[in-house]
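Observations on the three-dimensional arrangement
Here is how the chains run, residue by residue.
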Amino acid sequence: MPEMIFRVRWPDGKETDCYSPSLVIRDHFTPGQDYPVREFLEKADTALTEASERVRARYGFPCSRALGQLHTIRQTCTPFLNRPDAQVRVLSFRS
């Protein structure tokens, strides 16, 4: 399966590379686009769960790395959830 790295900038200005085992991320995010934190979290949950399920369909088990990435995204988003102006920017995709 083609893997993808998507780079994001958090509301505090830090940048992080995030992992997906599938190109499905392209169906949920657009490079250069800002997303309110809650929306980003919902989209990441949907995309990474879908990516993990694609791995399950192909190999018989979910992708622990995708689920771990989702856990990290949830933790990173938590401090910003009560800030309605907080945005996450998807910077780029790399496969």
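Now for a quick tour of the structure. These figures come from a predicted structure and were not determined experimentally.

This part takes up the packing of aromatic side chains. According to the stated counting rule, one finds 5 aromatic pairs in the structure shown. Relative to Y35, the ring of F29 lies with its centre 5.3 Å away and its plane at 80°, an arrangement referred to as edge-to-face. Given a relative accessible area of 2%, F29 falls into the buried group. Residue Y35 is classed as buried on the basis of its relative accessible area, which comes to 6%.

What follows covers helix 1 (residues 37–59). Within an α-helix, residues lying three or four positions from one another point in the same direction, as the helix has 3.6 residues per turn. Its 23 residues place the ends of helix 1 32 Å apart at the C-alpha level, agreeing with the 33 Å of an ideal helix rising 1.5 Å per residue. By the burial criterion, the buried members of helix 1 are V37, F40, L41, A44, A47, L48, A51, S52 and V55. Buried-residue contacts for helix 1 involve strand 1 (4–9), strand 2 (15–20), strand 3 (34–36), helix 2 (64–77) and strand 4 (87–94). At the exit of helix 1 stands G60, carrying a positive phi of roughly 90°.

This paragraph deals with the environment of V37. With respect to the helices and strands, the residue V37 is situated in helix 1. Relative accessible area serves as the criterion here: at 3%, V37 is assigned to the buried category. Excluding residues within four positions of it along the chain, V37 makes contact with P11, C77, F80, L81, A86, Q87 and V88.

Here the focus is helix 2. An ideal rise of 1.5 Å per residue puts 20 Å on 14 residues; helix 2 measures up with 20 Å between its terminal C-alpha atoms. Among the residues making up helix 2, those that are buried are A66, Q69, L70, I73 and C77. Looking down the long axis of helix 2, one finds its buried residues gathered within 100° of arc, a one-sided arrangement. Opposite the buried face of helix 2, at more than 90 degrees from it, the exposed residues are S64 and Q75. Structurally, helix 2 contributes buried residues whose contacts are with strand 1, strand 2 and helix 1.

We now examine the nonpolar core. Formed by 26 residues in total, the largest nonpolar core has its most connected members in V8, F40 and I73. Looking at this core element by element, the count peaks at 7 residues for helix 1. Beyond its immediate stretch of four places on either side in the chain, V8 contacts K14, E15, T16, C18, F40, V88, R89, V90 and L91.

Thresholds, definitions, all that
- Residues numbered from 1 in each chain as written.
- Predicted model: local features only at pLDDT ≥ 70, side-chain atom pairs only at ≥ 80, totals over all residues.
- Heavy atoms only, no water.
- Phe/Tyr/Trp six-rings, centres within 6.5 Å; stacked < 30°, edge-to-face > 60°.
- Buried < 20%, exposed > 50% of the residue type's maximum accessible area, 1.4 Å probe, protein only.
- Helix = DSSP H or I, 4+ residues; strand = E, 2+ residues; numbered from the N terminus.
- Expected span 1.5 Å × (residues − 1).
- Contact = heavy atoms within 4.5 Å.
- Arc of directions from axis to C-beta.
- Core = buried A, V, L, I, M, F, W, Y, C linked by side-chain atoms within 4.5 Å.

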